[in-house]
Protein chains: 2
Amino acid sequence: MSGLESVLIVGTGLIGTSIALALREHGVTVHLADRDAASLRLARELGAGVEWDEGTRVDVAVIAIPPHAVAERLSALQKAGAARFYTDVASVKVLPLGRAAELGCDLTTYVAGHPLAGRERSGPAAARADLFLGRPWALCPTEETSADAVETLHGLVKLCGGEAVRIGAEEHDRAVAVVSHAPHVAASAVAARLADAPAAALGLAGPGVRDVTRIAASDPALWTGILSGNALPVAEVLEAVAADLAAAAASLRSAADPAAMASVTELLHRGVAGTGRIPGKHGGPPRAYSTVQVIIGDRPGELARLFKVAEAVGVNIEDVRLEHAPGLPLGAAELWVQPQAVPTLSEALREHGWHLP
Amino acid sequence: MSGLESVLIVGTGLIGTSIALALREHGVTVHLADRDAASLRLARELGAGVEWDEGTRVDVAVIAIPPHAVAERLSALQKAGAARFYTDVASVKVLPLGRAAELGCDLTTYVAGHPLAGRERSGPAAARADLFLGRPWALCPTEETSADAVETLHGLVKLCGGEAVRIGAEEHDRAVAVVSHAPHVAASAVAARLADAPAAALGLAGPGVRDVTRIAASDPALWTGILSGNALPVAEVLEAVAADLAAAAASLRSAADPAAMASVTELLHRGVAGTGRIPGKHGGPPRAYSTVQVIIGDRPGELARLFKVAEAVGVNIEDVRLEHAPGLPLGAAELWVQPQAVPTLSEALREHGWHLP
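None of these values were measured; they are calculated from a predicted model.

## Here we look at the sheet that holds strand 6 (residues 110-115) of chain B
Residue and element names in this part refer to chain B.
So, step 1. Spatial ordering of the open sheet is given by 3-2-1-4-5-6-7-8, a layout of eight strands whose pairing is mixed. At either end of the open sheet lies a strand with only one pairing partner, and these are strand 3 (50-51) and strand 8 (163-166).
So, step 2. As paired strands, strand 5 (residues 83-88) and strand 6 are joined by two bridges and run parallel to one another. Residue pairing across strands places Tyr86 opposite Tyr110, the latter belonging to strand 6.
So, step 3. Of the strands in this sheet, strand 1 (6-10), strand 4 (58-63), strand 5 and strand 6 are in contact with helix 3 (residues 70-80), which crosses strand 4 at around 160°.

In structure tokens form, the structure reads like this:
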């Protein structure tokens, strides 16, 4: 059976408390545990659940603590018979699974998990019931995991609004290395160049470099932990990226040689191919959209009026990027719409006095 | 005198035609020249100006052709006495200035320039009179350049809506290497890893990697030209980035050693420092804004209603990021506002039934 009536959240940080809030919205009884009394009290005050009485047995125990501590806690909880099934939410999966095996944990009741969600803030105060809405949530059952455990965890993910993605632990760790951990370090390395650059250079910075380096603004301590927990897969990706960049640099030093520049062009082509594989909204390629550019003023209501025009002609704006001008009260909005909506929206905006190219 | 009544645009591509359109809006007489008759005709039909009669002398000739061809054209135009002053718009500046000196051009009348603006599309059909609005526009006069030439070019930039940034040619080329050219190659190298990754890995991709790799979707041929024209400064930055990434990889391979991980943490800290130096809207740091998150439905008018609420309480939304969920009709909007506007906007949105964390 896969009924989910009661859950124990071990660790009332951002992820743990968010899971608690999401499950509470579906009537699940949530018990909370945290060694930090202040964090536990705050989570309770936020309505995340009640303090766990260690005698209470639940359907699922969610271990929401740092990766290095997961297996020891799992072992202790299993010895106490705290739950029918167990999961964790750490951003790496080989490490906790390996240590759980070493510690002799019961692997039939444990489904290692990783919701791909987060915020730039941490702690229970930043928690949101909708944190996982539509986000992938990796589940990494092993050959030993029972079908009941897997089914129950799929149900938990669904209640939280997440999209369960079943994947092996090693495959998971290599995947997050390439789509998250290594890109983070690369963004940091590009941003580190800006730290040393003269002020005049920053004056020529535009939206491109801002996008490339945005994630490099995150908390270094948090990311050091994530990277050290997935060290080898991340190292492999970074070595490949570093080799490509070193080769590009060498080619540029021989830029007069067309063969050297051909290898740079080839890297740029591989980059284009890679970007085309990133799923966009609804899983489709983001480049399926067309854009409409419009000049906007910097006053309240400017965007409201713009979206109202789109609504009036039945056009859904899939995404919007604002690009503001330093020192000027004007900017450009780039509206992403279905290609067939471009003429309709453009005409409607022009009719309402918007300035389009 | 710095009067600007007539301009010759040599090269009616995206940048040349956009300058023509911008100047026409201010009553400047614009003459057009292009060796490609179709491009010239299209620019004329777009209202960019009239075909240049080679006997006509203008105030400023704008050479809007690829960097490698600028100096030869400058020399020919000067020999024909085509203009009082000359400029170009190439994305590198040492190369055209150096070749102009070699060819014995008159450097008193030439102000090398580079408007920091572009689009993912090219050609006259993509041109916009507002392309330069609020964008930096580098001007690189040398010791030989006359004050009149500099003053006239400042006037031209202003008429186009750009913000003139006076900078030396070598400083310019090093600056764009660090804020534009090298980040582009780094984004390509990260995206290239995605090209080889298993499909399951892409299923775990989120907004972070999408931002890092966005610019890597640009035209490889165009970028090969840009990179080869600024080869050595870009190579230097890429070597530094590659060295940082190789060092991070080596540290991760010794992740059990706290000293090794400390060097990774230090790189992450340098990255944070670098992102903090990127100017945001109005030249201020982007992190001066706070964000309000709100859950939105995927139907026409959803954002219009949201912005209307903001308007009603007098809150200006400085920037907005939409984050959509694969396979779900819901997404989260992140609204950037002045920190003091957060409570007002949050309360107003909740009152109108929006779902906020």
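Right, picking up where we left off after that structure.
## Looking at the interface of chain A and chain B
So, step 1. Facing the 131 residues of chain A at the interface are 130 residues of chain B.
So, step 2. Approximately 11,500 Å² of surface area, both sides summed, lies buried where chain A meets chain B, with 67% of it carried by carbon and sulfur atoms.
So, step 3. Remark: the boundary between chain A and chain B carries six salt bridges.
So, step 4. Between Asp211(A) and Arg214(B) there is a salt bridge, and its shortest N-O distance comes to 2.5 Å.
So, step 5. Inspection of the region where chain A meets chain B yields 14 residue pairs in polar contact (both at pLDDT 80 or more).

## With respect to the pattern of salt bridges
So, step 1. In this structure the tally under the stated criterion is 22 salt bridges over all chains.
So, step 2. Residues Arg84(A) and Asp59(A) are paired through a salt bridge, measuring 3.2 Å at the closest nitrogen-oxygen approach. Residue Arg84(A) is located in strand 5 (residues 83-88), and its partner Asp59(A) is located in strand 4 (residues 58-63); the two are separated by 25 residues in the primary sequence. Residue Arg84(A) shares its accessibility class with Asp59(A), and that shared class is buried.
So, step 3. A salt bridge links Glu239(A) to Arg253(B), with the shortest nitrogen-to-oxygen separation between them at 2.7 Å. Of this pair, Glu239(A) sits in helix 10 (residues 231-253) while Arg253(B) sits in helix 10 (residues 231-253), placing the two residues on different chains.
So, step 4. Here Glu239(A) falls in the partly exposed class, since its relative accessible area comes to 31%.
So, step 5. The class for Arg253(B) is partly exposed, based on a relative accessible area of 42%.

## Here's the deal with the pairing of strand 2 (residues 29-33) of chain A
Residue and element names in this part refer to chain A.
So, step 1. Counting buried positions along strand 2 yields four of five residues, so the element is predominantly enclosed.
So, step 2. When strand 1 (residues 6-10) meets strand 2, the two strands line up parallel, connected through five bridges. By the bridge assignment, Val10 is partnered in strand 2 with Ala33.
So, step 3. Note on the crossover from strand 1 through helix 1 (residues 14-24) to strand 2: the handedness is right-handed.
So, step 4. As paired strands, strand 2 and strand 3 (residues 50-51) are joined by two bridges and run parallel to one another. Counted as the bridge partner of Leu32 is Glu51 from strand 3.

## With respect to the relation of the copies chain A and chain B
So, step 1. Each copy of the sequence occupies a distinct position, and chain A is placed on chain B by a rotation of 180° and an axial shift of 0.0 Å, giving an RMSD of 0.1 Å. A rotation of that kind, with that shift, is consistent with a two-fold axis.
So, step 2. A symmetric contact is evident, with 99% of the interface residues of chain A recurring at the interface of chain B.

## Focus on the confidence of the model for chain A
Residues and elements named next belong to chain A.
So, step 1. This prediction gives chain A a mean pLDDT of 88; 90% of its residues lie at or above 70.
So, step 2. This stretch, residues 324-329, has a pLDDT under 50; its non-local contacts, to residues over four places away or in other chains, come to 21 contacts.
So, step 3. Predicted complex metrics record ipTM = 0.76 and pTM = 0.76.

## Section: the side chain of Ser346(B)
Residue and element names in this part refer to chain B.
So, step 1. Note on placement: Ser346 falls in helix 13 (residues 342-351).
So, step 2. The exposure class of Ser346 is buried, given its relative accessible area of 12%.
So, step 3. The contact partners of Ser346, leaving out residues within four places of it in the chain, are Val292 and Leu356.

## Observations concerning the packing of helix 6 (residues 169-196) of chain A against helix 10 of chain A
All names here are of chain A.
So, step 1. Where helix 6 contacts helix 10, the axes come no closer than 8 Å and their chain directions differ by 60°. With respect to their mutual orientation, helix 6 and helix 10 come out oblique. Crossing of helix 6 over helix 10 shows right-handed handedness. The segment helix 6 lies against helix 10, with Asp173, Arg174, Ala177, Val178, His181, Ala182 and Val185 engaging Pro233, Val234, Val237 and Leu238.

So, how was this worked out
- In every chain, residue numbers begin from 1 and rise along the written sequence.
- Chain letters and ligand numbers both follow the written order, the letters beginning at A and the numbers at 1.
- Reporting of local features is limited, given that this is a predicted model, to residues whose pLDDT is at least 70; pairs of side-chain atoms are given and counted only at 80 or more, and all residues count toward the totals for whole chains, interfaces and linings.
- Only heavy atoms go into the side-chain values, all of them from the structure, while hydrogens and water stay out.
- Two strands pair if DSSP finds at least two bridges between them.
- What counts as a helix is a DSSP run of H or I of at least four residues, what counts as a strand is a run of E of at least two, and both are numbered from the N terminus.
- By the convention used here, residues are in contact when the closest approach between their heavy atoms is within 4.5 Å.
- Inter-axis angles, ranging from 0 to 180 degrees, are taken between N-to-C directions of lines fitted to C-alpha atoms, where helices are fitted over the stretch in contact.
- Accessible area that two parts lose when put together, evaluated with a 1.4 Å probe and summed over both, is termed the buried area.
- Whenever a carboxyl oxygen of Asp or Glu lies within 4 Å of a side-chain nitrogen of Lys or Arg, that contact is scored as a salt bridge.
- Nitrogen and oxygen atoms within 3.5 Å of one another constitute a polar contact, given that in protein one can donate a hydrogen and the other can accept it, and given that sequence-neighbouring residues count only through two side-chain atoms.
- The buried label applies to any residue whose accessible area, calculated with a 1.4 Å probe on protein chains only, is under 20% of its type's maximum; exposed applies above 50%, and partly exposed to all values in between.
- Looking down the strands as they point away from the viewer, one classifies a crossover as right-handed if the path from the first strand across the helix to the second runs clockwise.
- Each copy is superposed on the other by least squares, with the fit set by C-alpha atoms of residues at a pLDDT of at least 70 in both.
- The pLDDT value tells you how sure the predictor is about a given residue, anywhere from 0 up to 100.
- Angle categories are assigned with fixed cut-offs, so that under 35 degrees is roughly parallel, over 145 is roughly antiparallel, 65 to 115 is roughly perpendicular, and the rest are oblique.
- Handedness of each helix crossing follows the sense of rotation of the near helix against the far helix: counterclockwise by less than a right angle gives left-handed, clockwise gives right-handed.

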